[in-house]
Every structure is written in structure tokens, then in C-alpha cells.
Amino acid sequence: MIRYLRFIGLCLIVLIPFGCATAPDTVYVTEAQQVTTLALEPVNLDDINLKNDLNRKFPNQLPPELTQELMSDIQAQLANTKRFTRVLMNASDSETYIIEPRIEGLSYFESPMNMDPTRKLVTFKTLVRLDVKFMNTKGQIELVKSYSDNRKLDIKVPRKEVLSAAKIQDSFKRAVTIGFRAAADRLGTGFNPSYEMGTISRINGKIVYVQINTSKLRKVPKKQQAIEVVDDGNQVLASLGELQIEDGNLSGRYFEKAGMSIKEGMKVRARVNAMLLE
């Protein structure tokens, strides 16, 4: 019995180094640009162009009434990415992001199967995309980024079978649905906030003037903008409001945190979206 316990103890001693070796390394965030968050404000889905694609471009391949089913599926997939607080269907806002599903191409072709002369291979090809657009307070809309998916679906049928319209539609529907789900997943993964860094150039009373790249900041809805003065350890010292954004600089009223003070030369971080950086 004593010999057995000694053997167990020896095994445990031997295993301890291996357990330590497999522990994950601790990683510390040192720069504000590396900080990301998971959830953005609500995003809007718009189905107008998808309806047009189904009604005008592909009425023979897919039924127009499929619009609502596809939109609901895309809405659910975007919500599953957990990058948005809510995904709204055809909602309107004064300034927001809009996601528009589009179908670019639908085609199919047949080819023989050398290993099985009694059957043939039917290949369905689809090309879909999700356009992310930004609408400003004037109602002007600008394309920010597109996420596409090129999908191929193969089915095997008897060599002499003539595919019915229903079977063709069903195959296209499956391929398009999978394509939109894949595009939605990539969109959610890419739609992640990060930061643009700037510097305080001047302080006049309660107004702070900041030198910063504003090209990406302009495409962030005002309700999602977060401008903060930070120290070298990225601790927030003050926030900026009542913003005036121009090319290469911005100004705004600052609101200090209790016991904190700011001065010229300090760092300022502004939240932007990582997908704008690609």
C-alpha cells in the first residue's frame, strides 16, 4: 500500500510541470487601439433592393415572396454575431447604419458523372452580398463596406431527369440562404469598434481643440461617438461633448472626472469602427 501511494505521488510530481506549461499566457492591453467592445447601437436592415433583385432580376429562379423569409433569416444571423444591441427591420433613423442584402448572380449547369453514367451532377452557383451603408442627418447615404459570399451547391440526379421549376427554386433558395448566413457572420465579425488617437492642441475655457484623423469619425453616428481624454495608462480623465468635427481636427466642451485635470498635449481617443480601417 505504501509503495502504491509513493508511486501516485511521483506521478503527480512529474505531471505538475506539464500542467504549468499548458496554461495560457497572460496578455495585457497597452494601447487604446487594441481595445474593442462587442455590441454596437442598433443597426437597420433594409429590404428594398432585395425585393427589386427578386422581382426584376431573378423572378424565374426564386419567388419574390421569399424576401421576408430571407430577411428574417439574415436578421437572426446578424443578431447571433452579438455585435449589435438590436437588429431592426426597415426602421428609420436620422443618422444610422443600414445593411442592404443583394443578390448579384444565380446560375446552374449540368455535367456528367464519369464514375456513375446513370446520374448527372447539377451545380447551382450564387453570389450574394450585404452592403453596409451610412446615412447622415441630411438623409445622404454612402457605402461603407460590402461583405460577399460566392456559394456553390451540387446535387446528383438521374441522367435523364429534367429538373422541375420547384426543384430549381428550392436549390437556389438553399444556396442563397447559406450564402447570406456566411456573409452576415463575416459582417458581424468585422463590425467591431476600435479607436482613433489624437492630441489636445489647445484649451480655451471649457472648449478643447483636438488634432485627429476625422475621416473615419465622420461615419460614426453621433449617438455612437465617444471622445475621451486619456492618460498614458488609458485611464479616462474627461469626456467631450457638443462636438464640432472638421477635417483633421475637432472641438468640444470637456467634462472632467472628479479629481482629474487635463492640459495641452494629452492623448484623446475617439471610437471608430474597425471595418472602416480595412
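Refer to the preceding data block for the structure.
As the structure is a computational prediction, the values presented were derived from the model and not from experiment. (Residues numbered from 1 in each chain as written. Predicted model: local features only at pLDDT ≥ 70, side-chain atom pairs only at ≥ 80, totals over all residues. Heavy atoms only, no water.)

Engineer: Could you give me a rundown of the pattern of salt bridges, with the residues and numbers involved?
Structural biologist: This model, assessed by the stated rule, comprises 16 salt bridges. The closest approach of N and O atoms between Arg253 and Glu242, which form a salt bridge, is 3.5 Å. Placement of the pair is Arg253 in strand E10 (residues 249-256) and Glu242 in strand E9 (residues 236-246), with a sequence separation of 11 residues. Since its relative accessible area comes to 30%, Arg253 is described here as partly exposed. Here the salt bridges share partners, and the residues they tie into one network are Asp53, Lys57 and Arg102. (Salt bridge = Lys/Arg side-chain N within 4 Å of Asp/Glu carboxyl O. Helix = DSSP H or I, 4+ residues; strand = E, 2+ residues; numbered from the N terminus. Buried < 20%, exposed > 50% of the residue type's maximum accessible area, 1.4 Å probe, protein only.)

Engineer: Can you break down the packing of helix H2 (residues 48-57) against helix H3 (residues 67-80) residue by residue, with the values?
Structural biologist: Two quantities define a packed helix pair, namely the angle between the axes and the distance from one axis to the other. Orientation of H2 relative to H3, taken along the N-to-C sense of each, is 140 degrees, at an axis distance of 10 Å. Classed by the angle they form, the pair H2 and H3 counts as oblique. The two elements H2 and H3 meet at a crossing, and its hand is right-handed. Counting all contacts with H2, which are made through Leu50, Lys51 and Leu54, the residues of H3 involved are Thr67, Leu70 and Met71. Residues of the contact of H2 with H3, tallied by class, amount to 4 nonpolar, 1 polar and 1 charged. (Axes fitted to C-alpha atoms, helices over the stretch in contact; angles between N-to-C directions. Parallel < 35°, antiparallel > 145°, perpendicular 65-115°, else oblique. Left-handed = near helix turned anticlockwise from the far one by under 90°. Contact = heavy atoms within 4.5 Å. Nonpolar A, V, L, I, M, F, W, Y, C, P; charged D, E, K, R; others polar.)

Engineer: So what's going on with H3? Which residues, and what values?
Structural biologist: Here H3 is 14 residues long and its end C-alpha atoms lie 20 Å apart, about the 20 Å a rise of 1.5 Å per residue gives. All of the buried residues along H3 are Thr67, Leu70, Met71, Ile74, Gln77 and Leu78. In a view along the axis of H3, the buried residues occupy a sector of 130 degrees, so they form one face of it. Where H3 is buried, its residues contact strand E1 (43-45), H2, strand E2 (87-89), strand E3 (96-112), strand E4 (119-135) and helix H4 (165-190). With its phi angle positive at about 60 degrees, Lys82 sits one or two positions after the end of H3. (Expected span 1.5 Å × (residues − 1). Arc of directions from axis to C-beta.)

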